[in-house]
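One-letter residues, chain by chain:
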Amino acid sequence: MELLANILRPKSLKEVIGQKHLIGDGKVLTNLVSNGKIFSMILYGKPGIGKTSIANALINELKIRSKFLNATTNNKADFDIAIEEAKMYGEMILVIDEIHRMNKDKQDILLPHIESGLIILIGLTTSNPYHKINPAIRSRCQIFELKELSADDIMEGLKRAGEYLPDLKIDEDVLKYIATLSSGDFRSAINTLEVAYYATENHNITIEDIKKINNKPVFFHDKDEDGHYQVLSAFQKSIRGSDVDAALHYLARLIVAGDLDSIYRRMSVIAYEDIGLANPGIGPKVMAAIQAAELVGLPEARIPLGQVVTEMALSPKSNSTLLGIDAAISDINKGLAGEIPKHIIEGSPNYIYPHNYKNDYIYQEYMPEKLKNKKYYHKKNNKYESNLNRIYDEMRSGK
């Protein structure tokens, strides 16, 4: 018997749940279909939010020969066969799941055929392609990020799924519970509904029935259905506020939900937004912890993440660089730019080379005239910034 998730797989973009920034009147993917044209692309986002569904819908609507491969499980010979098939038919859409895991041999095979247009690549990945996909592949593809599905999106899909389950008895609260439990993964929600349907004697599904199937704690979403962002916000504010216990609590919630990508992104921001120059070594430490977590995976990933989050919470804090760059951007947006001083324009004979002078410093004006004496950076009172400024002042005074 075919699984409900497969029965519900969209045959057109109109049937795709969510992703309104890409699908709908005037949106990019809908326009591509309307114009009968498709380009190589990479779809990335969390599991169960529609990457494969969109690929299927595009193929079905454009009616172009296609083939699905997995970068990990399909070998080089499978890729060779796909290319030969593409040559037979003149073009082919090749959908590659887990494209971030594709090795160099497979990339080398595909690249010239993507370049020529023989292969139209649709790569699917849960990893940020700017970090995980070879630049040679990435540069030949349009990159589209899929947004996390809201509880309303998943509720809509569950109601549609219910039409395929005869004599289903389920009320709105139970559907909402399943949607919340799924943490934005529509496929997970559908699977939970289907198991519950066949696991109950009369197909009357209650919350207690769902709890018997999936006892994952429901804490990730609140009643306003934006709990994912609330947890991330609480995580950042706890680190910013130097409350190490609260920081570990919210980290634990995100780990139990399996949301490593959101943890990585938020930690990377916090390192530079909230800790900044008070402890500039934290940025590389955060990246090292992320790499270690990626290498070992869950459950061991909790160890490097827990360690670096503890250090981040205990670290001194400074947002001086954030305030500085935001003030500079604000001036640019107001039209406060001005001409670059002529003596620092490339090739100017009047430029003075600082390395030829004591302390590698000599005064000359670098700011545009209309911003002369403008200050963007204002140091905070912490040991590292105070030391930087002491060295800076000594350098400028010629000591």
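A brief look at the structure comes next. This is a predicted model, so every value here is computed, not measured. (Residues numbered from 1 in each chain as written. Predicted model: local features only at pLDDT ≥ 70, side-chain atom pairs only at ≥ 80, totals over all residues. Heavy atoms only, no water.)

## Considering the pattern of salt bridges
A side chain with one charge may pair with a side chain of the opposite charge, provided their charged atoms come close.
Stage number 1. Applying the stated criterion to the full structure yields 14 salt bridges.
Stage number 2. In this structure, Arg101 and Glu98 form a salt bridge, with 3.1 Å as the shortest nitrogen-oxygen distance.
Stage number 3. For Glu208, the salt bridge is made with Lys211, and the minimal N-O distance between the two is 3.8 Å. Linking Glu208 with Lys211, this pair stays in helix 11 (residues 207-213), spanning 3 residues, or about one helical turn.
Stage number 4. Judged by relative accessible area, which is 48%, Glu208 ranks as partly exposed.
Stage number 5. Judged by relative accessible area, Lys211 falls into the partly exposed class, the value being 38%.
Stage number 6. A network of salt bridges, in which partner residues are shared, links Arg240, Glu273 and Asp274. (Salt bridge = Lys/Arg side-chain N within 4 Å of Asp/Glu carboxyl O. Helix = DSSP H or I, 4+ residues; strand = E, 2+ residues; numbered from the N terminus. Buried < 20%, exposed > 50% of the residue type's maximum accessible area, 1.4 Å probe, protein only.)

## Re the sheet that holds strand 1 (residues 41-44)
Stage number 1. The strand order across the open sheet formed by 5 strands is 2-3-4-1-5, and the pairing between neighbours is parallel. Each end of this open sheet is capped by a strand with a single partner; those strands are strand 2 (66-70) and strand 5 (142-145). In this sheet, neighbouring strand axes are inclined to one another by 20° on average, regardless of whether the strands run parallel or antiparallel.
Stage number 2. As defined by bridge partners, strand 1 adjoins strand 4 (residues 119-125) across 4 bridges and the pair is classed as parallel. Looking across to strand 4, one finds that Tyr44 is bridged to Thr125.
Stage number 3. Running at roughly 170° to strand 2, helix 4 (residues 76-89) makes contact with strand 2, strand 3 (92-97) and strand 4 of the sheet. (Pairing = 2+ DSSP bridges. Axes fitted to C-alpha atoms, helices over the stretch in contact; angles between N-to-C directions. Contact = heavy atoms within 4.5 Å.)

## Section: the packing of helix 8 (residues 151-162) against helix 9 (residues 172-181)
Stage number 1. Look at helix 8 against helix 9: their axes get within 9 Å of each other, and the N-to-C directions meet at 120°. The orientation of helix 8 relative to helix 9 falls into the category oblique. The crossing of helix 8 and helix 9 is right-handed. In this structure, helix 8 contributes Ala151, Ile154, Met155, Leu158 and Lys159 to the contact, and helix 9 contributes Glu172, Leu175, Lys176, Ile178 and Ala179.
Stage number 2. Across the contact of helix 8 with helix 9, the residue classes break down as 7 nonpolar, no polar and 3 charged. (Parallel < 35°, antiparallel > 145°, perpendicular 65-115°, else oblique. Left-handed = near helix turned anticlockwise from the far one by under 90°. Nonpolar A, V, L, I, M, F, W, Y, C, P; charged D, E, K, R; others polar.)

## Details of unusual backbone geometry
Stage number 1. A cis geometry characterises the amide bond from Leu298 onward to Pro299, with omega recorded as 10°.
Stage number 2. Inspection of the secondary structure assignment puts Pro299 in the loop between helix 15 (282-296) and helix 16 (302-314).
Stage number 3. At His203, a residue that is not glycine, the phi angle is positive and equals roughly 65°.
Stage number 4. Mapped onto the elements of the fold, His203 is located in the loop between helix 10 (186-199) and helix 11.
Stage number 5. The exposure class of His203 is buried, given its relative accessible area of 19%.
Stage number 6. In this model, Ser242 sits at a positive phi of 60°, which is unusual for a non-glycine residue.
Stage number 7. Topologically, Ser242 is positioned in the loop between helix 12 (227-240) and helix 13 (244-256).
Stage number 8. Assessed through its relative accessible area of 39%, Ser242 is described here as partly exposed.

## Section: the nonpolar core
Stage number 1. With 49 residues, the main nonpolar core has Leu13, Leu29, Ile38, Met41, Ile54, Ile122 and Leu158 as its most contacted residues.
Stage number 2. If you look at the next biggest cluster of nonpolar residues, it comprises 27 residues, including Val231, Leu232, Ile263 and Ala313. (Core = buried A, V, L, I, M, F, W, Y, C linked by side-chain atoms within 4.5 Å.)

## Looking at the side chain of Glu365
Stage number 1. You can see Glu365 is positioned in the loop between helix 17 (320-333) and helix 18 (383-397).
Stage number 2. Although Glu365 lies buried, it forms no salt bridge, and the closest oppositely charged side chain, Lys372, sits 4.6 Å away as judged by the N-O distance.
Stage number 3. A polar contact is formed between the side chain of Glu365 and the side chain of Tyr363, at a distance of 2.9 Å.
Stage number 4. Aside from chain neighbours lying at most four places away, what touches Glu365 is Pro341, His343, Ile344 and Lys372. (Lys, Arg positive; Asp, Glu negative; His and termini not counted. Polar contact = N/O pair within 3.5 Å; in protein donor to acceptor, adjacent residues only side chain to side chain.)

## Some thoughts on helix 3 (residues 51-62)
Stage number 1. Over its 12 residues, helix 3 runs 17 Å from end to end, which matches the ideal 16 Å to within 8%, given 1.5 Å per residue.
Stage number 2. Residues of helix 3 that are buried include every one of Lys51, Ser53, Ile54, Ala55, Ala57, Leu58, Ile59 and Leu62, and no others.
Stage number 3. Against helix 2 (28-34), strand 1, strand 2, strand 3 and strand 4 lie the buried residues of helix 3.
Stage number 4. In the stretch just after helix 3, Lys63 is the one whose phi turns positive, near 55°. (Expected span 1.5 Å × (residues − 1).)

Fair warning: the whole summary comes from geometry, so function is off the table for now.
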